[in-house]
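Here is what each chain is made of, one letter per residue.
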Amino acid sequence: MIKILRRILVISMFKIDWKKLFFIFGIFTVFNVLIQVSTVPNPLVGWIFQPRDQFFSFKSPNNIVLSGETSHLLGVDNHHENLRDTPLVVTLNSSAKVNQSDVRYQLPLKTNEVLLFVKRDIENAPLDINDDPELYAPLFRNISTFKRSYEWMERILKVYIYQEGEKPIFHQPQLRGIYASEGWFMKLMEENRQFVTKDPQKAHLFYLPYSARQLQMALYVPNSHNMKPLSIFLRDYVNMLASKYPFWNRTHGADHFLVACHDWGPYTLTEHEELTKNTIKALCNADVSQWIFVGGKDVSLPETIMRNPRKFLKGLGGRRVSQRPILAFFAGNNHGRVRPILIKNWSEKDTNMRIYGPLPNKVSRVMSYSQHMKSSKYCICPMGFEVNSPRIVEAIYYECVPVIIADNFIPPLNDVLNWNAFSVIVGENDIPKLKEILLAIPLRQYLIMQTNIKRLKRHFLWNVRPIRYDLFHMILHSIWYSRVNQIQIPHPY
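Novice: Which parts of the structure should I look at to understand the sheet that holds strand β7 (residues 299-300)?
Specialist: Strand pairing in a sheet is mediated by backbone hydrogen bonds. Such pairs are either parallel or antiparallel. The 5 strands lie next to each other as β3-β4-β5-β6-β7, forming an open sheet whose pairing is parallel. Of all the strands in the sheet, the pair left with one neighbour each is β3 (159-161) and β7. Helix α6 (residues 180-191) contacts β3, β4 (205-207) and β5 (256-260) of the sheet and is inclined by roughly 135° relative to β5. Helix-sheet contacts for helix α17 (residues 471-486) involve β3, β4, β5, β6 (280-283) and β7, and the interaxial angle to β6 is about 150°.

Structure (structure tokens):
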């Protein structure tokens, strides 16, 4: 019997393919483990299968982890009791850094719940005492609030861009001329990978990607003085989006935004009540007297002239204060309600007040328009047909203190910038006293304003590849900040 067993063992050792046997055994083992894992609770499945670099534990920018005890700040009620003992998480923008030890699975938090917490965190931002080489506190209304809000934008903001709409009105930015701001924002927004999402369910904001300038060129009948066809076109476009998607009707347009620099931008919205009242509007024509631009909700868009996009940064900057012999300078077309008064009072009246209509050839041959700005202490920025003026940004580029003359005008990015720190605002009725007002400013105050202008310039520059705190990011932040501020914090009873 023992001999028979030995023979069987020897035969089996040489006849059986042990490699194949172990391979088959391994497959069955792995399959069995996967079946076991699929039956355990969701967190373990998420930990194994979800990409670890997509989520981070919900922290405020000062790196304080928020436990379930703070979930009431997000509107978590009794029906969310199961969330209270779990760290909160939100989706992280791809450019932000992830602490792998803090990775968690994603919870089904609503967008408004996240924004509600963000608003609370921004409002309670501690005083910022650290010197940031990229920011200069006197330029801002509240540097601590701005920094905290900007950090949240970089971490979580997602923008959905509607693909509907045909060129040239939609998705075709105009990058030259006086209305280039809306074109450059559109170009850089549609190229962006950090903030743009293709999943509208993840979006905090929805962008209507049209150009007011292209709309005017495509639909306006010259000399008709009739903007209604433009308004009807936008009304029908928004109604189409509202019928096709649930997102407009969900907030009645409050989380949607548009960017328009053409003077007619506000007036082309009036055929759609929700588009006019609820949407966040970034407008160059930021005139509060028209009841279309809403201060505190809408964004005053800087108007930038782009003559040559390839050489945009060439020639910017100005002369030292000691090399600015001209007290004040203006040259431009004589239209609107303010410029005729300015020219009547000051043109050819005082050698220190270089006030012209269009710059005369005999003057420009000696000193160009830009050289005048670089050689002047103050650059006069009166409104034209509308309250906005590209001279404000031009003055900043040439480090000349802007003097804004436009009643009812909200200066660019006024929600975060302190314009008293680097500009002079003069009432339209005070034009006859303009020189007296400027001479009354102490030299020390002027030097501070001029220094502030130099530091401000970086925030008004377009970059082909956007950088932190440049004009693209400043505009986007103001839109984001407006959206956050719209969220209502519930009061305990």
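Novice: When you look at the state of the cysteines in this model, what are you seeing that I'm missing?
Specialist: Each disulfide is one covalent bond, formed between the sulfur atoms of two cysteines. Applying the stated rule across the entire model yields 2 disulfides. Across a sulfur-sulfur distance of 2.1 Å, C261 and C284 are joined as a disulfide pair. When the S-S torsion is -90°, as for the bridge of C261 with C284, the disulfide is left-handed. You can see C261 sitting in the loop between β5 and α10 (273-277) and its partner C284 sitting in the loop between β6 and β7, a full 23 residues away along the chain. Each member of the pair, C261 together with C284, is buried. There is a disulfide in this structure between C379 and C400, and the S-S distance comes to 2.2 Å. Taking the sign of the torsion about the S-S bond as the criterion, the disulfide between C379 and C400, at about 115°, is right-handed. Of this pair, C379 sits in strand β10 (residues 376-382) while C400 sits in the loop between α14 (391-397) and β11 (401-405), and the two are 21 residues apart along the sequence. Relative accessible area serves as the criterion here: at 0%, C379 is assigned to the buried category.

The rules behind each value
Residues numbered from 1 in each chain as written. Predicted model: local features only at pLDDT ≥ 70, side-chain atom pairs only at ≥ 80, totals over all residues. Heavy atoms only, no water. Pairing = 2+ DSSP bridges. Helix = DSSP H or I, 4+ residues; strand = E, 2+ residues; numbered from the N terminus. Contact = heavy atoms within 4.5 Å. Axes fitted to C-alpha atoms, helices over the stretch in contact; angles between N-to-C directions. Disulfide = S-S within 2.5 Å. Buried < 20%, exposed > 50% of the residue type's maximum accessible area, 1.4 Å probe, protein only.

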